[in-house]
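So you can see what is in the structure, the chains are spelled out below.
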Number of protein chains: 2
Amino acid sequence: MTNSPATIRRSKVTLRDIATRAGCSTATVSTVLNNARGNTRLSPDTQKRILEIARRMNYRPNHAAQSLASRRSRTLGLYVAPAPWSSFGNPHYEGLLLRGIEKACREKKYRLLVVNLQGDESPDACLQEVRQQRVDGMILIQSGAMGDYTRRLLDILPHAALIDAVCPGTQAISVMFDNTAAMDLAVEHLVSLGHRRIAFIGSCIVPPLTDSVQRREGFLRAMKSRALEVPPAWVFDAASSGVEFDVTEEYCQLEGDRAARMLFSHPDPSKRPTALIAYNDIVAAGALRRLQEKGLSVPGDVSLVGVDDSDLARILRPTITSVRQPLEEMGFQAAGRLIERIEPAEKTSPEAPLTDNVISFPPTISIHQSTAPPKDDVAG
Amino acid sequence: MTNSPATIRRSKVTLRDIATRAGCSTATVSTVLNNARGNTRLSPDTQKRILEIARRMNYRPNHAAQSLASRRSRTLGLYVAPAPWSSFGNPHYEGLLLRGIEKACREKKYRLLVVNLQGDESPDACLQEVRQQRVDGMILIQSGAMGDYTRRLLDILPHAALIDAVCPGTQAISVMFDNTAAMDLAVEHLVSLGHRRIAFIGSCIVPPLTDSVQRREGFLRAMKSRALEVPPAWVFDAASSGVEFDVTEEYCQLEGDRAARMLFSHPDPSKRPTALIAYNDIVAAGALRRLQEKGLSVPGDVSLVGVDDSDLARILRPTITSVRQPLEEMGFQAAGRLIERIEPAEKTSPEAPLTDNVISFPPTISIHQSTAPPKDDVAG
DNA sequence: ATGAAAGCGCTAACAC
DNA sequence: GTGTTAGCGCTTTCAT
């Protein structure tokens, strides 16, 4: 007999139903189905029999009952802090993180509750969900945008994972992208092509994003370590520009545009950079546009490196060489480790030294059309 | 006394705690807090007192217990069918829908469970969640990609809302974008500028997406109703092209590129279209790129209209005139109406005629730089 | 106007 | 090895 829709529909099968059929108690059934009590004290036949009956009856545990009794919901909450500088978040960033998070949840049989993703729910909602036993832990994205509130929240949340943020003094897991290494990689790529005059275009957002600051510092360090000079005027970002931007959807482009305009207004070509590193692909797109409007060829006259390796990088012509964050893996680790923390330490390892709270992920680089050796290596 | 973190943390306040403090039974507290029994049979003082105590103790109902007893989880499930033609979905589309969905959920005090969003969970998961009482209803996106399976699923799911899909014979709510009107709007815009030779570039995906087919048909109808001719060679899509594409992230661009190449290879300019309507902004981007490489100016030589009004449309130069779907509103309505169906018909309206199952949403158009009057109206 | 009591379906001691 | 038992925190019917 197959499981016709009607069969499935009607089957409000409970533990007791199975117990009855199997001629044993609900406790036994529960133990078998949960593989509890060390899986060993039950007679193999009983186990087989119960499992078989449960399968045949298409039993599914009632989640509410399970949570109520066990005090665990096997659910993670996802909170993406609304970003004041963008009404829409960064779909590329969040989308890939989510992929990894979903994967980890699936593997560990957890579910994901959206506390906030594209909406503008207040961070307090995280607390509510935990207090209502709806989630066992929270994954926080863009918690940098929450300022001090993050710390207060983490003091209260029993289990949390931060992505691209740290909060010292709390037990929260942090999963970080190594922005310093990212810039070193970008610089290394350009230098290996022969570039020596490289400029940096950060994000124009005020107050400055942690990311942008880290990338700027990483850039400067990478240049310094190679004994390459960086005129102050070649570093653009919110801090350096006196300009107040009207922060719109185009925020990043504007900065790229402005920076490119200023960098290449110098009459003496030897006083201009031969390559640009942008905060992300959108900034790079803004710069590219301006360069092309000025009649400069990319990568002929100027090489361009972005960050994110997003679709945009492949849609533009030339396609943009871009530093890639392992976002999916970061999401996977954030959720995976969070779940490990939540699960009672019933794993074989008796006193496994708690894994580090903070994990850092290295960049890779996707080389596309926008980078090439500089026109003349002479004026370097 | 303020709610210090510690206070909040420890407060595992239950109904009983409140009942004790208030000197009444848990039943009374429950009734008051739920505004049940018509809100009237309880003495106003009791109500006030209980509410005040609950507030002071910062009471939050345990969700599992509530669900178990009431048999409703006040949670919607979100299932985005994995799209075989894209490893990453359409962040613009799903992101905006999600915004609306989240808004509706927040307003009605529902929560959203991710059954599948960027992952590749099988549709069966929808059933599981319902059967486990984890969700009261499901929102299905891209269910077209599920083929026949959709219908079987809907036969079983008690409450579901489809976005951009219909499934006749089921009770599922359908929230649709009016693709026909969209194309009429695009054609109308171009015609009002003076264009008469207009081509259409669909999606190259095989099998053809419903959207793409509808837009092609809508385009043809819009042209016909204006007595404008469309040579067969001016309609590009999966069906018309014999070409099999390697469906990658760039899928749409390729089509735009190919179409533009072919459309403008004709030596006689008067045999070429003066305007292009693309399936979406990505296709438009591909076409734009090819046009510019051919030395054709947009909108000088050719006007270009996309669909989605995405970030991309504003990043490209020229910015792309694009037809916009009211995605946020569509998501809002899908979730809102689904919740209304779920809630017991306890609303004032005794026998409110069930709202229609299928709702259609009209397009608007965002006019940007890529459309202008044709160069010479003569050869029309 | 209020309360007692019976579950909702499951888990986890603890007893046998 | 397996069953008994006592809840988990809430809703809801029915007495009072």
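On to the packing of helix 9 (residues 179-193) of chain B against helix 10 (residues 210-225) of chain B. Residue and element names in this part refer to chain B. Interaxial distance between helix 9 and helix 10 falls to 8 Å at its minimum, and their mutual angle equals 45°. In terms of orientation, helix 9 and helix 10 fall into the oblique class. Where helix 9 crosses over helix 10, the handedness of that crossing is right-handed. Across from N179, T180, M183, D184 and V187 in helix 9, the residues of helix 10 making contact are D211, Q214, R215, G218, F219, R221, A222 and M223. Across the contact of helix 9 with helix 10, the residue classes break down as 5 nonpolar, 4 polar and 4 charged.

What follows covers the relation of the copies chain A and chain B. With an axial shift of 0.0 Å and an RMSD of 0.1 Å, the rotation relating chain A to chain B amounts to 180°. Given the turn and translation reported, the copies of this chain are related as if by a two-fold rotation axis. Of the residues that chain A buries at the interface, 100% are likewise interface residues in chain B, meaning the two copies contact each other through the same surface.

Take the pattern of salt bridges next. Note that side chains of opposite charge can pair when their charged atoms are close. Within the structure shown, the criterion is met by 34 salt bridges over all chains. The residue A:R314 makes a salt bridge to A:D309 at a minimum N-O spacing of 3.4 Å. For the pair A:R314 and A:D309, one class covers both residues: buried. The salt bridge involving B:E188 is made with B:R226; its shortest N-O contact spans 2.9 Å. Taken together, the residues span a long stretch of sequence, with B:E188 in helix 9 and B:R226 in the loop between helix 10 and strand 7 (235-236) at a distance of 38 residues. B:R226 gets classed as partly exposed once you look at its relative accessible area, which sits at 21%.

Attention shifts here to the sheet that holds strand 6 (residues 198-201) of chain A. All names here are of chain A. Read from one edge of the open sheet, 6 strands run 7-6-8-9-10-12, paired in mixed fashion. Because the sheet does not close on itself, it has two edges, and the strands there are strand 7 (235-236) and strand 12 (364-366). By the bridge criterion, 2 bridges tie strand 6 to strand 7 in an arrangement that is parallel. Paired with F200 across the bridge in strand 7 is V235. The sheet contacts of helix 10 (residues 210-225) involve strand 6, strand 7, strand 8 (275-278) and strand 9 (303-307), and relative to strand 6 the element is tilted by about 170°.

Let us look at the interface of chain A and chain B. Between chain A and chain B, the contact holds 62 residues from the first and 62 residues from the second. Regarding the contact of chain A and chain B, the summed buried area is about 5,700 Å², with carbon and sulfur atoms giving 52% of it. At the boundary of chain A and chain B, one finds 8 salt bridges. Linking B:E121 and A:R106 is a salt bridge whose minimum nitrogen-to-oxygen distance equals 3.2 Å. If you look at where chain A meets chain B, you find 32 residue pairs in polar contact (both at pLDDT 80 or more). Ranked by residues supplied to the side of chain A that touches chain B, first place goes to helix 6 (residues 91-107) of chain A with 8 residues. Of the residues assigned to the side of chain A that touches chain B, the class counts are 24 nonpolar, 17 polar and 21 charged. Of the pairings in the sheet, the one linking strand 2 (residues 111-116) of chain A to strand 2 (residues 111-116) of chain B comprises 3 bridges and is antiparallel in character.

Attention now goes to the nonpolar core. Core analysis: the biggest nonpolar cluster contains 97 residues, and A:L76, A:I277, B:L76 and B:I277 have the highest contact counts within it. If you tally residues by element for this core, the top one is helix 14 (residues 327-342) of chain A, at 8 residues. Once residues within four sequence positions are removed from consideration, A:L76 is found in contact with A:C105, A:Y110, A:R111, A:L112, A:L113, A:V135, A:G137, A:I139, A:A335, A:L338, A:I339 and A:I342. A:L288, A:L291, A:V302 and B:A313 belong to the second largest nonpolar core, which has 60 residues in total.

Residue and element names in this part refer to chain B. What the 6 strands build is an open sheet, ordered 7-6-8-9-10-12; its pairing is mixed. Each having just a single partner strand, strand 7 and strand 12 (364-366) make up the two edges of the open sheet. This element, helix 10, spans strand 6 (198-201), strand 7, strand 8 (275-278) and strand 9 (303-307) of the sheet and lies at about 170° to strand 6.

Thresholds, definitions, all that
- Residues numbered from 1 in each chain as written.
- Chains lettered and ligands numbered in written order.
- Predicted model: local features only at pLDDT ≥ 70, side-chain atom pairs only at ≥ 80, totals over all residues.
- Heavy atoms only, no water.
- Axes fitted to C-alpha atoms, helices over the stretch in contact; angles between N-to-C directions.
- Helix = DSSP H or I, 4+ residues; strand = E, 2+ residues; numbered from the N terminus.
- Parallel < 35°, antiparallel > 145°, perpendicular 65-115°, else oblique.
- Left-handed = near helix turned anticlockwise from the far one by under 90°.
- Contact = heavy atoms within 4.5 Å.
- Nonpolar A, V, L, I, M, F, W, Y, C, P; charged D, E, K, R; others polar.
- Least-squares fit on C-alpha atoms with pLDDT ≥ 70 in both.
- Salt bridge = Lys/Arg side-chain N within 4 Å of Asp/Glu carboxyl O.
- Buried < 20%, exposed > 50% of the residue type's maximum accessible area, 1.4 Å probe, protein only.
- Pairing = 2+ DSSP bridges.
- Buried area = accessible area lost by both parts, 1.4 Å probe.
- Polar contact = N/O pair within 3.5 Å; in protein donor to acceptor, adjacent residues only side chain to side chain.
- Core = buried A, V, L, I, M, F, W, Y, C linked by side-chain atoms within 4.5 Å.

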